[in-house]
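What follows is the residue order along each chain.
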Amino acid sequence: MIFPFQGGVHPEGHKDATRQKPIEPLPPPARVVLPVSMHIGAPCEPVVKVGQHVLLGEKIAVSASPVSAPIHASVSGTVAAVEVCPHPNGGRMLSVVLENDGADAPHPDIRPFGSAETLTAEELIAVVREAGLVGLGGAAFPTHTKIASGLGKVDTLIVNGAECEPYITSDHRVMLETPEEILGGVRALMKIYGLESAVIAVETNKPDAVETLRRTLPRRGDGVRVAPLATRYPQGAEKQLIRAVTGREVPPGALPAAVGAAVFNVDTVASIHRAVTTGMPLLRRVVTVSGSAVSNPKNLSVRIGTPLRAVFEATGGFREQPFKIIMGGPMMGVAQHNLDAPVVKGTNALLAFSRGEGKPEKEPVCIRCGRCVSACPMRLLPVYLYHYEQKNMLAECERMRVSDCIECGSCSYICPGRLHLVHSFRTAKQKLREARKRGGN
Amino acid sequence: MADTRFVVSSSPHIRAEEDTRSIMLDVCIALAFPLVIAVYFFGLRALTVTAVSVAACVFFEWAYRKLLKKPSSVRDLSAVVTGLLLAFNLPVSVPYWLPVVGALVAVVVVKQLYGGIGKNFLNPALAARVFLFSFPVWMTSFPKPQPGQWNALPLWGPVDVVSAATPLSFLKHGALPADAYNLQDLLLGQAPGSLGEVSALMLLLGGVYLVVRRVITPRIPVAYLGTVAALTFLFPKGDAAPLEWMLYEVLSGGLVLGAVFMATDYTTSPVTKRGQWIFGIGCGLLTVFIRYFGAYPEGVSYAILVMNACVWLLDKISLPRRFGVPRLTRFIRKGGGKA
Ligand code: SF4
Ligand code: SF4
């Protein structure tokens, strides 16, 4: 077993509700809402008009920026609207609304490209870009951009199957159900980078996934190994994972390629394989629906653009009135206020909690216990950062490297005084950004 | 499915179970070990003195915040802990008004005037103890433990202090208290001393409980006790065998109580690993220095209070290595905020 990084916390897993549930396809909804940005980087421009008929997998929005990912029709049908709609990040965003004609008629250009063996590295990258792939672990960084940033520098390919957030089992199910596709994707990436070896890193709380991947290996992969990782949050954070697997630390502000590493989520890797072998762009993704307010927790394969409401309804609706809805995990996920917002590319989970979990905190008071310091995987001193942010002493925050904070939430989670630490650091970073802007550049 | 309002707050959306109250409760449980043995050795009066101290601390905590119209903080149990520690630092024979005065100093002056829990820079119980030394008559007369004698000291009325010399007063003069109390007595608590400091064994058991429950890490107690042990072993006073001298020094007086329960006080100790080591070592150095060269036989309280005042500095000079930056570069590009 690989020894963990420093810091981190052990939140209760809560994965039993869905770990045994095979991924079920959710029938596509009558309408899908496709925001022009579901990734980090430049938003896309719509290339369709209201009333136009589109086919499954047809591009509906693109961008010329190198840091962007095109968006495809996840159903076939008619463009009902191009308008501003609720976005799961809490705001609103220009979106293409499609009326599903129920035919799922694929675009004629969609056909298999072959396999990793038959394509060149450049062709593989082009396939990834055209498929609109982004990191499916939640971060949603355009995959082709990430690949490009590491070309010629990467010596260690790490596939991230840690899935360290509580409740989420979508990656776990992908590892159990489609190990072949993951290995196919690994081969493609090895070819792109010209590597002989790769590591699939999985937390030890998923022994069946480790077992399944290992069983699949001998036939397909020389040089690919499965590395069990100690179970600890945030094991799946890129910098922590690289540190755990290679012992290398990514310098502040640098990309993983700076230390020769590239990290891809397991489902992203499987999607690369699917894009190559079927030609189908990213149209669906696996979403874990769980939490105490959900009647029947499930792992669903959902068309991108499906309204959250429809996803919850597919699991039998709510057992009781939810108090809080989260997209993503309870440690880093985003609280939702509108069930009309759609599932986007980075949606790995939808959680609904009844009162009791995540209840609001009483008056927060720091007792200087130092737990936040021991828990911080980036070796910051959250207790001091908080103090300085509260006093608006931004220079001190900067000196104590608030910029290194990965917003993993470990400090807030562990804080017995129930301080809103991460929130304070987000505020500090925001204020620093504004100050820098005013500083005249 | 009706759309109602959902709570929208920033991540993380779950919290660990431990909160301030549960941590303080654990400290109370750990302090129950030495309290039980104190009652066994000093009789019921150990219990009543402790009760008065706790009640007074809780009362002042409540009254102060009530008067200033701040939300009550009695529920967090930190005042109970202060009350217990204050009592543990007093001779069992003190008149009942003394812990009340101590509580006033500890809770109001040292803690609440600075803003309450987490904001004070001195350990409240220790600061109060040092203040109470202005009543030396009561603060320096220690009755002899009388195991199993529940009524050894009268519960009410003035206490006829059968003052006995503490082991430290022997050590102070460079002699082992060989005839009076042996090492086993010190370990169990059969030597005179403050109410809660007499049994090194029970204090250590309480400390183990705190470590097991992850309330404290052993860093500060280990650094503190280790430093005292090393120094007294290397520089025994008088002609005692170094090992014996060392054991007597470590087990007598308030050292174990101080190292396990006072120096580890969250608010007044560093939060960084290296800071905690330095803090513990500093406490050890000062304790031995004061015991050897000071006027008063005990050095623990002063040593810890002095180190308390350095905590922010210690944290600042012991910032952990920045993630992704090798140690060497840290010195070259000192502290740099930019990548
Ligand atoms: S964990 Fe919370 S209470 Fe403890 S030092 Fe950090 S901020 Fe303060
Ligand atoms: S300070 Fe940032 S990086 Fe450190 S534990 Fe808190 S959220 Fe995570």
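Figured I'd write up the structure that's included with this text. On a predicted model such as this, the values are computed, not experimentally measured, just so you know. Per chain, residue numbering runs from 1 following the sequence as it is written. A letter from A marks each chain and a number from 1 marks each ligand, given out in the order of writing. Reporting of local features is limited, given that this is a predicted model, to residues whose pLDDT is at least 70; pairs of side-chain atoms are given and counted only at 80 or more, and all residues count toward the totals for whole chains, interfaces and linings. Excluding hydrogens and water, the side-chain values take into account all heavy atoms of the structure.

Our focus in this paragraph is the overall build of chain B. A run of DSSP states H or I qualifies as a helix once it reaches four residues; a run of E qualifies as a strand once it reaches two. Both are numbered from the N-terminal end. Helix and strand counts for chain B stand at 16 helices and zero strands. Radius of gyration means the value over C-alpha atoms here, while the globule rule gives 2.2 Å times the residue count to the 0.38 power. Against the 2.2 N^0.38 benchmark of 20 Å for 339 residues, chain B shows a C-alpha radius of gyration of 22 Å, consistent with a compact globule. Over its C-alpha atoms, taken along the principal directions, chain B stretches across nearly 75 × 50 × 35 Å. Whether a residue is buried, partly exposed or exposed follows from its accessible area with a 1.4 Å probe, protein chains only, as a fraction of its type maximum: under 20%, in between, or over 50%, in that order. Classification of the 339 residues of chain B by burial places 57% in the buried group. We call two residues in contact whenever any of their non-hydrogen atoms come within 4.5 Å of each other. Taking the contacts inside chain B whose residues are at least 6 apart along the sequence as the reference set, 75% of them involve residues at least 24 apart. Working definition of accessibility: Shrake-Rupley area with a 1.4 Å probe, residue cover restricted to the visible protein chains. Total accessible area on chain B is roughly 14,600 Å²; 69% of this is exposed by carbon and sulfur atoms. His is not counted, nor are the chain ends; Lys and Arg add positive charge and Asp and Glu add negative charge. To locate a charge, take NZ of a lysine, CZ of an arginine, CG of an aspartate or CD of a glutamate. Separation between the mean location of the 29 positive side-chain charges and that of the 17 negative ones in chain B comes to 14 Å.

Turning to the overall build of chain A, a few remarks are in order. Helix and strand counts for chain A come out as 14 helices and 17 strands. Computed over the C-alpha atoms, the radius of gyration of chain A is 21 Å, within 12% of the 22 Å expected from 2.2 N^0.38 for a compact globule of 441 residues. Of all 441 residues assigned to chain A, the portion counted as buried reaches 60%. Sequence separation of at least 24 residues holds for 73% of the intrachain contacts in chain A that already meet a minimum separation of 6. For chain A, the accessible area works out to roughly 16,400 Å², and carbon and sulfur atoms hold 54% of it. Between the averaged position of the 50 positive side-chain charges in chain A and that of its 41 negative side-chain charges there is a distance of 5 Å.

On to the nonpolar core. Only buried residues count toward a nonpolar core, which is a set of Ala, Val, Leu, Ile, Met, Phe, Trp, Tyr and Cys residues joined through side-chain atoms within 4.5 Å. One finds Tyr224(B) and Phe261(B) to be the most contacted residues of the largest nonpolar core, which totals 96 residues. Once residues within four sequence positions are removed from consideration, Tyr224(B) is found in contact with Leu255(B), Gly258(B), Ala259(B), Ala263(B), Gly280(B), Cys283(B), Gly284(B), Thr287(B), Val300(B), Ala303(B) and Ile304(B). Formed by 83 residues, the second largest nonpolar core is a distinct cluster that contains Val54(A), Val174(A), Met190(A) and Ala341(A).

Residue and element names in this part refer to chain A. Within the span of helix H2 (residues 121–130), buried status applies to Ala121, Leu124, Ile125, Val127 and Val128. End-on, the buried residues of H2 take up no more than an arc of 155°, which puts them together on one face. On its buried face, H2 is in contact with helix H3 (143–150), helix H5 (179–193) and helix H8 (266–278). Just downstream of H2 lies Gly132, where phi reads positive at about 70°. As used here, the arc is the angular range of directions from the helix axis to the C-beta atoms.

Residues and elements named next belong to chain A. Spatially, the four strands line up as an open sheet ordered S11-S10-S9-S12, and their pairing is parallel. Edge positions in the open sheet fall to strand S11 (224–229) and strand S12 (261–265), since each of these has one partner strand only. For this sheet the average axis-to-axis angle between neighbouring strands, irrespective of direction, equals 25°. The criterion for strand pairing is that DSSP finds at least two bridges linking the strands in question. Sheet analysis places strand S9 (residues 156–161) next to S12, joined by five bridges and oriented parallel. In the strand pairing of S12, Ile158 is matched with Val263. Geometry is summarised by axes, namely lines fitted to C-alpha atoms with helices restricted to the contacting stretch, and by angles between N-to-C directions that run from 0 to 180 degrees. Along the sheet face, H8 touches S9, strand S10 (198–203) and S12 and points at about 85° away from the line of S12.

Here we come to the pairing of strand S5 (residues 59–62) of chain A. In summary, the side chains of a regular strand alternate between the two faces of the sheet. Residues and elements named next belong to chain A. Sheet topology note: the strand S3 (residues 45–46)/S5 ladder contains two bridges and is antiparallel. Residue pairing across strands places Pro46 opposite Ala61, the latter belonging to S5. Inspection of the sheet shows S5 paired to strand S6 (residues 71–72) by two bridges, in the antiparallel sense. Bridge assignment links Ala61 to a residue of S6, and that residue is Ile71.

For the rest of this paragraph, the subject is a nonpolar patch on the surface. Residues and elements named next belong to chain B. Two joining distances apply to patches: 9 Å for like charges and 5 Å for nonpolar side chains (Val, Leu, Ile, Met, Phe, Trp, Tyr), and every residue must have over 30% relative accessible area and no salt bridge. We count a salt bridge whenever a side-chain nitrogen from Lys or Arg sits within 4 Å of a carboxyl oxygen from Asp or Glu. A contiguous nonpolar surface patch, about 640 Å² in accessible area, is contributed by Val222, Trp277, Ile278, Ile281, Leu285, Leu313 and Ile317. Among the secondary structure elements, those contributing two or more residues to the nonpolar patch are helix H13 (273–293) and helix H15 (311–317). Of all the elements, H13 adds the most residues to the nonpolar patch, at four residues. The topology assignment puts Ile278 in helix H13. The class for Ile278 is partly exposed, based on a relative accessible area of 37%.

Attention now goes to the interface of chain A and chain B. The interface of chain A with chain B comprises 71 residues on the first partner and 45 residues on the second. Of the roughly 5,200 Å² buried between chain A and chain B on both sides combined, carbon and sulfur atoms contribute 56%. A simple way to read buried area is as the amount of 1.4 Å-probe accessible surface that goes missing from two parts once joined, with both sides added. If you sort the residues of chain A by the area they bury against chain B, Ile367(A), Arg368(A) and Arg401(A) come out on top, with a joint share of 14%. Here Glu249(A) ties to Arg321(B) by a salt bridge, and the two come within 3.1 Å at their closest N and O atoms. Under the rule applied, a polar contact is a pair of N or O atoms within 3.5 Å (in protein, one hydrogen donor and one hydrogen acceptor; residues adjacent in sequence only if both atoms are side-chain atoms). Where chain A packs against chain B, one counts 26 residue pairs in polar contact (both at pLDDT 80 or more).

Turning next to the site of ligand 1. Any residue with a heavy atom lying within 4 Å of a molecule or strand is counted as near it. Cys366(A), Ile367(A), Arg368(A), Cys369(A), Gly370(A), Cys372(A), Val383(A), Cys415(A), Pro416(A), Leu419(A) and Leu421(A) make up every residue found near ligand 1. Looking at the shell around ligand 1, its residues break down into nine nonpolar, one polar and one charged. Charged residues are taken to be Asp, Glu, Lys and Arg, nonpolar residues to be Ala, Val, Leu, Ile, Met, Phe, Trp, Tyr, Cys and Pro, and polar residues to be all remaining types, Gly included.

Residue and element names in this part refer to chain A. Surveying the vicinity of ligand 2 reveals 14 residues, the closest of which are Cys376, Cys405, Cys408, Gly409 and Cys411. Elements supplying a minimum of two residues to the shell around ligand 2: helix H13 (410–414) and helix H14 (421–438). Along the lines of polarity and charge, the residues of the shell around ligand 2 split into eleven nonpolar, two polar and one charged.

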